Amino acid sequence: NIWLIIGNVFVAYAIWRLWRLRPHWLTLVTRPAGGLALGAIVLSGAIDLVAIHNCYWIEVKYDGDPLVKWLRENTKPHDIFLSDRFVNHQILMAGRRIFYGWPSFSWGAGYDTTQRDNDFRVLFESADPYAVFRLLHKHHIAYVAIDEGVRRGEFIRRCNEELYKLNCPKVWEDKANQYSGLIIYK
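Residues numbered from 1 in each chain as written. Predicted model: local features only at pLDDT ≥ 70, side-chain atom pairs only at ≥ 80, totals over all residues. Heavy atoms only, no water.

A. A look at unusual backbone geometry. Residues Arg22 and Pro23 are joined by a peptide bond in cis, for which omega reads 0°. Mapped onto the elements of the fold, Pro23 is located in the loop between α1 (2-19) and α2 (27-54). In this structure, His140 takes a positive phi of about 55° despite not being glycine. The backbone phi angle of Ser180 is positive, close to 55°, even though this residue is not glycine. On the secondary structure map, Ser180 appears in the loop between β4 (170-173) and β5 (183-185). (Helix = DSSP H or I, 4+ residues; strand = E, 2+ residues; numbered from the N terminus.)

B. Structural view of α2. The terminal C-alpha atoms of α2, which comprises 28 residues, lie 40 Å apart, in line with the 40 Å expected from a rise of 1.5 Å per residue. Of the positions making up α2, those classed as buried are Thr27, Thr30 and Gly34. Contacts made by the buried residues of α2 are with α1. (Expected span 1.5 Å × (residues − 1). Buried < 20%, exposed > 50% of the residue type's maximum accessible area, 1.4 Å probe, protein only. Contact = heavy atoms within 4.5 Å.)

C. Geometry of the environment of Leu166. Mapped onto the elements of the fold, Leu166 is located in helix α9 (residues 161-167). Residue classification places Leu166 among the exposed residues on the basis of a relative accessible area of 65%. For the pair Leu166 and Asp79, spaced 87 residues apart in the sequence, the C-alpha separation amounts to 22 Å.

D. Broad picture of the sheet that holds strand β2 (residues 97-98). One open sheet holds the 5 strands; their spatial order is β2-β1-β3-β5-β4, and the pairing between them is mixed. Looking at the sheet topology across the chains shown, the edges are occupied by β2 and β4. As paired elements, β4 and β5 share 3 bridges and run antiparallel to each other. When the sheet's bridge partners are listed, Trp172 is paired in β5 with Ile184. (Pairing = 2+ DSSP bridges.)

Fair warning: the whole summary comes from geometry, so function is off the table for now.
Rendered as structure tokens:
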């Protein structure tokens, strides 16, 4: 958006120059051309506004949210969570980090998303505790957050939640089912 604004400043200057071009007989061609360019810019701006108007909104509760309160009181700001691939979630709103997130964001930040995909699958599908805990240690993951997105999502075929139940203390549970049955293991 900033690039469009800066670019349109130069386009506006060019249109202004076309409008005020000398000699006057040339304005018979340049003024209609400038008017057409101006109309095209206004139309493209209107089209951009329609896309903004038609987009959907996501509301993520923050103030007074029990999960956000627990996260802020019981975890450190630099703790990393292994969770579903979220774009927005209370874990993120509380200022905590997640291991993977949405792949395009990880890719844009320079992470090797192919390797992250593989590690993510091993962390949530492997029945080998040694492989799982080696990766948890390698990536400095402090908490594992499992919800219905992990249990029944399309990316993870068979969640190894039982491995975490047997080997990790449960530190938070969504008993009211406000967060898709979220359970956090340390």
